[in-house]
Amino acid sequence: MKAIKLCALVTLCLAQSAIACNSVSKTYVDQAVSTSQTYLQNQINQASTTKSYASASTNTLQLLTLANTFVPVDFGSNNFTPVNITHTTATDSSMFQVANTGIYQINWYISIYDDRIAENDIIVDLVNLTTAQSLLPPNKMIGSFAYDASPGASHTRYLNISGSMMVSLNANDIFNLELSQQFAGNLVVNSAAINITQIA
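All of the points below concern the structure found in this document. (Residues numbered from 1 in each chain as written. Predicted model: local features only at pLDDT ≥ 70, side-chain atom pairs only at ≥ 80, totals over all residues. Heavy atoms only, no water.)

The next point concerns the packing of aromatic side chains. The full count for this structure, using the stated rule, is 4 aromatic pairs. Here the aromatic rings of Tyr-113 and Tyr-158 are separated by 4.9 Å at their centres, their planes lie at 45°, and the arrangement is tilted. Taken together, the residues Tyr-113 in strand E7 (residues 102-114) and Tyr-158 in strand E11 (residues 158-169) connect sequence positions 45 residues apart. Judged by relative accessible area, Tyr-158 falls into the exposed class, the value being 57%. Members of the aromatic cluster, connected to one another through ring pairs, are Phe-75, Phe-96 and Phe-175. (Phe/Tyr/Trp six-rings, centres within 6.5 Å; stacked < 30°, edge-to-face > 60°. Helix = DSSP H or I, 4+ residues; strand = E, 2+ residues; numbered from the N terminus. Buried < 20%, exposed > 50% of the residue type's maximum accessible area, 1.4 Å probe, protein only.)

A cluster of nonpolar residues, Ile-103, Met-166 and Ile-199, forms a patch on the protein surface that exposes about 270 Å² of accessible area. Of note, Ile-103 is situated in strand E7. You can call Ile-103 partly exposed: its relative accessible area is 31%. (Patch = residues over 30% accessible without salt bridge, like charges linked within 9 Å, V, L, I, M, F, W, Y side chains within 5 Å. Areas by Shrake-Rupley, 256 points an atom, 1.4 Å probe, with all protein chains shown as cover. Salt bridge = Lys/Arg side-chain N within 4 Å of Asp/Glu carboxyl O.)

Moving on, we get to the environment of Ala-118. Positionally, Ala-118 belongs in the loop between E7 and strand E8 (120-128). A residue is classified by how much of its surface remains accessible, and Ala-118, at 30% relative accessible area, is partly exposed. Put simply, Ala-118 and Phe-145 are 27 residues apart on the chain and 7.3 Å apart in space, counted from C-alpha to C-alpha.

Within the fold, Phe-183 resides in the loop between strand E12 (174-181) and strand E13 (187-198). Relative accessible area serves as the criterion here: at 40%, Phe-183 is assigned to the partly exposed category.

What follows concerns the pattern of salt bridges. One pass over the structure, following the stated rule, counts 1 salt bridge. Taking the shortest distance from any N to any O, the salt bridge between Asp-125 and Lys-140 comes out at 3.6 Å. Separated by 15 residues along the polypeptide, Asp-125 in strand E8 and Lys-140 in the loop between strand E9 (133-134) and strand E10 (141-145) bring together distant segments of the chain. By relative accessible area, which is 6% here, Asp-125 ends up buried. Exposure remark for Lys-140: the relative accessible area of 25% places this residue in the partly exposed category.

Spelled out as structure tokens, the structure:
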């Protein structure tokens, strides 16, 4: 009889141990699942907040007349709805504001017409308006209208300038693209386009 009771007691203890073990295992599984779900959600949230891009262009003529004075280039229309980059075309379409800190790839294209037959250097600058600093190297980007006084020589009247730069921007930084010309006169921007993508 004692042997039967002892056997039953051992069986009960083993059963209770199994239940306890199963309970502990279930707790670890639940914790692992919860941790995985939290990790995945954090990855999704991070992906949604770091995705930033914008694309804008214009065919509206813009006139520059002053010498050695930087003038912002307007990009009148968004090619699609910007994500995490603010570009308000209704007020000042030259400015872009980023929502996230990171490295941005900025590509631009500008088509310019000069109604003079003369030499004229064009300087392009990418400016962080928040810090009041140029985002381009000190020598910046220069395009030139060539002039040759020789009889029968052809003269450059149209100039296309394109460029690409990776820049570091902080959250809420505002930047624009600016042009300057060497000599005063009627310099016309025929069209302009810009693409902005956060890459890191």
